[in-house]
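Coordinate inspection notes
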Amino acid sequence: MTVPPASGPGTDPPVGQQVAEPEPDVLTVAPVAGGEVVADSLGEYLRGWWARIKGGDSGVLPILAGLVIIVVIFQSQQSVFLSSGNIVNLLTQAAVFVLLGLAEIFALVLSEIDLSTGYVAGVGAMIIAELLASPNNWPWWGAVVVGLAVTAAIGALQGTLITRLKLPSFIVTLAGLLGWQGVLIWLADVDKAAVGGVVRVSDPVVYNLVNGTMSPVAGWVTLVVVVGLYAAVTLGRSVRRRRHGLTTPPLSITIATIALVAAVGIALVAICNVNRGALVVLQGVPWVVPFVVAVVVAWSWLLAKTRTGRYMYAIGANPEAARRAGINVARVRTFGFLMCSLTAGLAGLVYESRLGSIATDIDGGTLVLYAVAAAVIGGASLFGGRGKPVHALLGGVVIAAVYNGLGLLGVTAAGQDMATALVLLAAVTVDSLVRRRGSTA
Amino acid sequence: MVGDGAVGDGAVGDGAVGDGVVGNGAAPPLLALREVSKSFGAVRALDRVDLDVPAGQVTALVGDNGAGKSSLIKTVAGLWSPDAGHIRWNGRTVVLRSPKDAEKLGITTIYQDLALCDNLDIVQNMFLGHEPRRFGVLDEAAMELASRNTLRELAVTSVRSIRQPVASLSGGQRQSVAVAKAVMARAQLVIMDEPTAALGVSQTQQVLDLIARLSTQGVAVLMISHNLNDVFEVADRIAVLHLGRMVATGPAADLDRQSVVELMTTGTRAVRGG
């Protein structure tokens, strides 16, 4: 009737904005001092890391371990596997898988799937090739921009159908899988430059994306610049965050990560700079390597540092929560499908560059399965909300390594497919187990 | 908040617990419903409901299943408009056409599902949809500092790291994050739907403490609960719905468990001096 009754221990009389007396902390099962644990010490960081693994976020370590095992097995069976020539070959093989996997990351993060990426890549590649060929003879940049714009528009169209008409992405993109193959064949039919459904790519810039190499010196310079920038950015962020007293991995971990990146980069450039030609000198990093790395970095930035990227993860995990948070769910999802198809267009560019041509018999159906496999093997989740571009990078390399290695061992295509299937199953099993553990934590 | 918990304490609950209309004192309550009705076909979900929710106090909304509790909070949350009656916010009549309207006023509703994204960490969840940016890039430092301060103000100290994914939190901690998210959004009224359902004993206690702390900071809390233990522990005021009608509102001190149960089940209670 008068003052709010002190009917329980929790109802203190109002004391303005301050909570004067220390509150009894009832539930702390394992109270760690303060809400702001700054992981200063290595031990604390490792404990947190272990907690994250138990919480369902295993990071890239399993896939790195798997890659090392695959490399050791193949190298022990066939010493050519780690030769300079084969590693460069493997990297160029991996580029298409990585880019297609990267495309699929956008769909998977949104808890969707895109089955059309293989043929969208084909359509983009065909348009680029036809614009480059006579009688069009476009400059390379014009052809590439138009080809990628068309793939982006395809993604926007599919995304709009999925989000506005609320159609399942599986069906819409399955229709895309069929329909864009038809468009691809039609494009080759109406074009005079296509001979038997094949358009050659003779433009030097597009052709050299995969087949051309940087000079050895340029390779080293690029590496130094890239690693230097990476180190400056990560160290700078670490120091800044530490100064503000924010959660920061220990400096030793940051430095170790930079050292690992530098070591991998040095090994890569050193291997690529070995002369792998039999008759003429052939050395240097293929242009496609920095190209793929640049795409991975750019898309990582988009997903990790922008609102749109953050919203993609939120929608993938809990679309209702995202909607209530005021996020325009339909627009973000449409954008995700746009990015997916655009990245598929980049994969198509690399594909035709590698072969020096694009043909209507491109197996877009199988390619899209590799794309999903690459993303999932790398650590993206089919259940949505989890997956990073680096996962597609690692997954694509694993798939290429398996195919390349089995090919070197003389295993038939049948055996290669079966082996890839086993790797995929193993990866999905890990994903599922980790997820189950995460949800019960 | 002006006047904190002392808002019209003298005026509220003029003894007429059974009728529930509160006398208009000097300062109007933060939220006031007057004669609010809502029907779904032949079903009268809310029948001329009056309710006052003062700032800095915890108002518990109790009632049996189908009494209209959810209909009432959905009306206040802006999910639908009432058929009749009006809603006053700080004494001013407002029309809530959408949840956005309610949010703009400072009304945040925490539903039982909490609307958290399991894959995002605490900071990311607390700022979802309102992320500050610097040069177009997410300002993680600002978000982390603000989240930490809010959690500290609410004395939520049990989380190991605010950078851990919400999936790894306990039920009580998740509830705490949802509340902190509301505070972060500068909510003046936090509506909580069964905040302690599905929680264990110690976690329930944690959430009740949090609710109490919220009200001491000047925030009005409107809490739906089935659990009368929780209601009597934390509520300053109790409002009882029965078949869409508000059968009693008043300070918790004026009511006892027995009469609340009677009001919830029959809509009336044995006459007594009050």
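Residues numbered from 1 in each chain as written. Chains lettered and ligands numbered in written order. Predicted model: local features only at pLDDT ≥ 70, side-chain atom pairs only at ≥ 80, totals over all residues.

Moving on, we come to the sheet that holds strand β1 (residues 31–40) of chain B. All names here are of chain B. Pairing within the open sheet is antiparallel, and its four strands lie in the order β2-β1-β4-β5. The two strands at the open ends of the sheet, each matched to only one other strand, are β2 (43–53) and β5 (92–94). Neighbouring strand axes in the sheet, compared pairwise and without regard to direction, differ in orientation by 30° on average. Relative to β5, strand β4 (residues 84–89) runs antiparallel, the two sharing three bridges. Bridging from a neighbouring strand, W89 pairs with R92 of β5. Most of the contacts of helix α1 (residues 69–76) go to β2, to which it runs at about 60°, and overall it touches β1, β2 and β4. (Pairing = 2+ DSSP bridges. Helix = DSSP H or I, 4+ residues; strand = E, 2+ residues; numbered from the N terminus. Axes fitted to C-alpha atoms, helices over the stretch in contact; angles between N-to-C directions. Contact = placed C-beta atoms within 7 Å.)

For helix α6 (residues 201–216) of chain B, which comprises 16 residues, the first-to-last C-alpha distance of 23 Å matches the rise-based estimate of 22 Å (1.5 Å per residue) to within 8%. For α6(B), the tally of buried residues reaches 14 of 16 residues, placing the bulk of the element in the interior. (Expected span 1.5 Å × (residues − 1). Buried ≥ 20, exposed ≤ 12 C-beta atoms within 10 Å, placed from the backbone.)

This part is about the environment of V210(A). Among the secondary structure elements, V210(A) is positioned in helix α7 (residues 204–211). For V210(A) and E352(A), which are 142 residues apart along the polypeptide, the C-alpha to C-alpha distance reads 9.2 Å.

Residue and element names in this part refer to chain B. Across the sheet, six strands lie side by side as β6-β9-β10-β3-β11-β12; this open sheet has mixed pairing. The two strands at the open ends of the sheet, each matched to only one other strand, are β6 (107–110) and β12 (245–251). Averaged over all pairs of adjacent strands, the angle between strand axes in this sheet comes to 15°, irrespective of strand direction. Sheet analysis places strand β9 (residues 189–193) next to strand β10 (residues 220–224), joined by five bridges and oriented parallel. Looking at β10, one finds that D193 is bridged to I224. The strands touched by α6 within the sheet are β3 (58–63), β9 and β10, with β10 carrying the most contacts at an inclination of about 150°.

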